[in-house]
Amino acid sequence: MYMVTVLGNLLIILAVSSDSHLHTPMYFFLSNLAIVDIGFISTTVPKMVVDISAHSRVISYVGCLTQMSLLTFFVSMDDALLTVMAYDRFVAICHPLHYAAIMNPHRCVFLLLLSVFFSLFNSQLHNLVALQFTCFKDVEIINVFCYPSQVFSLSCSDILLKNMVTYFVGAIFGFIPMLGILFSYYKIVSSILQIPSSGGRYKAFSTCSSHVLVVCLFYGASIGVYLGSEVSHSPKNVMVASLMCTVVTPMLNPFIYSLRNRDIGSALWRSQTVDMEAMDHIGASQFILAVISDSIHTPMYFFLS
């Protein structure tokens, strides 16, 4: 599943970078989302595979904080990029005449850098709080990776600071992005319903369907992990929710975008066709040059060439 996820996201990056038709803001953010998904799954799965192979479930404190920091960064980047992509669809459908001016390359890069900045801030905030812990009431985490709230729950330090960070981060990186996505799609649906033809409505909605599916998958898995770690006391439920979030979600994203998006599929097909034609052309040229040389001037190779 890890290799499928990495290869699927690499194919999306390859398709977007190699096809000039896909050099648009939507696919710019999609390729960055694919990069983030590769980093996301690489933070947890390789360590989990090594532990299963070695029959070990031990991680150092530094390793746990590093994993927690990287995991928080990539989850925040996923969250931010999905919000930016919703804004991109809002501009494309509700303000199509101004789309090129609003979503210009400089603004796209600015939105990407803003997402990176807020994700780094969130990651380092969690790391800073964890470094303040001086004692632990337990050293065991009921999960396959170091989830921030579970690491915080191990501390016997002041609970007020932990709760403040948890609720502050939940509001900034959970509630506000979700509110922005819901508002964007409220305006998008309102605009689509005003299109007179059913074909036009279908075409407008089809540009958003992949993003809607990925958003539902991401937030559904994230809420599942939160409820599993905070509400449920069953280790099995926590494990299932964690695997859904860290393995299944990044793996399904490339399939959703490639199957629901004809542009990605067409770009991959064109790229494969061009590569095969180039290989055939190079092979034929080299063969003809070899036949022209003095070493194989025979009737058989003459007719073969």
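Starting afresh in each chain, residues are numbered from 1 along the sequence in its written order. Where local features are concerned, this predicted model is filtered to residues with pLDDT of at least 70; where side-chain atom pairs are given and counted, the filter is 80 or more; whole-chain, interface and lining totals use all residues. Note that water and hydrogens are dropped before the side-chain values are worked out from all heavy atoms of the structure.

Student: Account for the overall build of the chain, with residues named and values stated.
Tutor: Working definition: helices are DSSP H or I runs of at least four residues, strands are E runs of at least two. Numbering for both runs from the N terminus. Within the chain, the regular secondary structure consists of 11 helices and 0 strands. Throughout this description, buried means an accessible area under 20% of the type-specific maximum (1.4 Å probe, protein chains only), exposed means over 50%, and partly exposed covers the range between. Going through the 305 residues of the chain one by one, you find that 40% of them count as buried. Any two residues having at least one pair of non-hydrogen atoms within 4.5 Å are treated as being in contact. Look at the contacts in the chain between residues 6 or more apart in sequence, and 74% of them connect residues 24 or more apart. Computed with a 1.4 Å probe, the accessible areas rest on the Shrake-Rupley method; for each residue, only the protein chains presented here act as cover. Of the roughly 17,400 Å² of accessible surface on the chain, a fraction of 72% belongs to carbon and sulfur atoms.

Student: Give me the packing of helix α1 (residues 2-18) against helix α2 (residues 25-54): which residues, what numbers.
Tutor: Only the stretch in contact is used when fitting a helix axis, every axis being a line fitted to C-alpha atoms; angles between N-to-C directions are given from 0 to 180 degrees. Relative to each other, α1 and α2 sit at 160°, their axes nearing to 9 Å. With respect to α2, the axis of α1 lies roughly antiparallel. Of the two elements, α1 crosses α2, and the hand of that crossing is left-handed. Of α2, the residues touching α1 (which contributes Y2, T5, V6, N9, L10, I12, I13 and V16) are Y27, L30, S31, A34, I35, D37, I38, I41, S42, V45 and P46. Geometric relationships in this document are graded by angle, where less than 35 degrees denotes roughly parallel, more than 145 denotes roughly antiparallel, 65 to 115 denotes roughly perpendicular, and other angles denote oblique. With the far helix as reference, a near helix turned anticlockwise by less than a right angle produces a left-handed crossing, and one turned clockwise produces a right-handed crossing.

Student: Please set out helix α3 (residues 61-94) residue by residue, giving values where relevant.
Tutor: Along its 34 residues, α3 runs 49 Å from first to last C-alpha, staying within 8% of the 50 Å computed at 1.5 Å per residue. For α3, a buried count of 24 out of 34 residues is recorded, marking the element as mostly surrounded by other parts of the structure. The length a helix should cover is 1.5 Å for every residue beyond the first.

Student: How would you explain the state of the cysteines if you had to name every residue and give the values?
Tutor: Any two cysteine sulfur atoms within 2.5 Å of one another count as a disulfide. Taken as a whole and assessed by the stated rule, the structure comprises 0 disulfides. In this structure C208 is not part of a disulfide, and its nearest cysteine sulfur, from C94, lies 8.9 Å away. We classify C208 as buried; its relative accessible area is 1%.

Student: Let's hear about the packing of aromatic side chains: which residues, and what values?
Tutor: Think of it this way: a Phe, Tyr or Trp ring, Trp meaning its six-membered ring, pairs with another when their centres are within 6.5 Å, and the plane angle makes it stacked under 30 degrees, edge-to-face over 60, tilted otherwise. Enumeration according to the criterion identifies 5 aromatic pairs in this entry. For the pair Y87 and F90, a centre-to-centre distance of 6.4 Å together with 35° between the ring planes defines the contact as tilted. Residue Y87 and its partner F90 are located together in helix α3, separated by 3 residues, close to a single helical turn. Note on Y87: relative accessible area 30%, which makes it partly exposed. Where F117 meets F118, the ring centres are 5.5 Å apart and the plane angle is 70°; that geometry is what we call edge-to-face. Judged by its relative accessible area of 52%, F117 is exposed. Classification of F118 by relative accessible area gives partly exposed; the value is 38%.

Student: Talk me through the confidence of the model for the chain; I want residue IDs and the actual numbers.
Tutor: One confidence number per residue, pLDDT, is output by the predictor and ranges from 0 to 100. Residues at a pLDDT of 70 or more form 75% of the chain, whose mean pLDDT is 78. Element-level mean pLDDT values for the chain span from 52 in helix α10 (residues 262-292) up to 91 in helix α4 (residues 99-102). Confidence drops under pLDDT 50 across residues 274-282; counting only partners more than four residues distant or on other chains, this segment forms 0 contacts. Ignoring residues within four places in sequence, the model shows residues 287-293, a span with pLDDT below 50, making 8 contacts including any to other chains.

Student: Please give an account of the nonpolar core that cites residues and values.
Tutor: Side-chain atoms within 4.5 Å link the members of a nonpolar core, which is a set of buried Ala, Val, Leu, Ile, Met, Phe, Trp, Tyr and Cys residues. Within the largest apolar cluster, 45 residues are counted, with the highest numbers of intra-cluster contacts made by F29, L30, L33, L81, M103, I188 and Y257. Of all the secondary structure elements, the ones that give two or more residues to this core are α1, α2, α3, α5 (105-131), α7 (159-193), α8 (198-230) and α9 (235-260). Top element by residues in this core is α3. It accounts for 12 residues. Not counting residues within four places of it along the chain, the set of residues in contact with F29 comprises L81, V84, M85, M103, C108, L111 and L112. One finds L65, L125, F133 and V151 within the second-largest nonpolar core, a separate group that totals 13 residues.

Student: If you had to explain the side chain of D88 to someone new, which residues and values would you point to?
Tutor: In this fold, D88 is placed in helix α3. Overall, the relative accessible area of 1% leaves D88 in the buried class. Those residues in contact with D88 that lie beyond four places of it in its chain are P25, M26, Y99 and M103.

Student: So what's going on with a nonpolar patch on the surface? Which residues, and what values?
Tutor: Together, F121, F168, I172, F175, I176 and L179 make up a nonpolar patch on the protein surface, roughly 570 Å² of accessible area in all. The leading source of residues in the nonpolar patch is α7, at 5 residues. Topologically, I176 is positioned in helix α7. Here, patches come from residues exposed beyond 30% relative accessible area and free of salt bridges, joined within 9 Å for like charges and within 5 Å for nonpolar side chains (Val, Leu, Ile, Met, Phe, Trp, Tyr). Salt bridges, as used here, are contacts in which a Lys or Arg side-chain nitrogen is within 4 Å of a carboxyl oxygen on Asp or Glu.

Student: So, the environment of I223: which residues are in play, and what are the values?
Tutor: Along the chain, I223 falls in helix α8. Taking the C-alpha atoms as reference points, I223 and A241, separated by 18 residues in sequence, lie 8.8 Å from one another.

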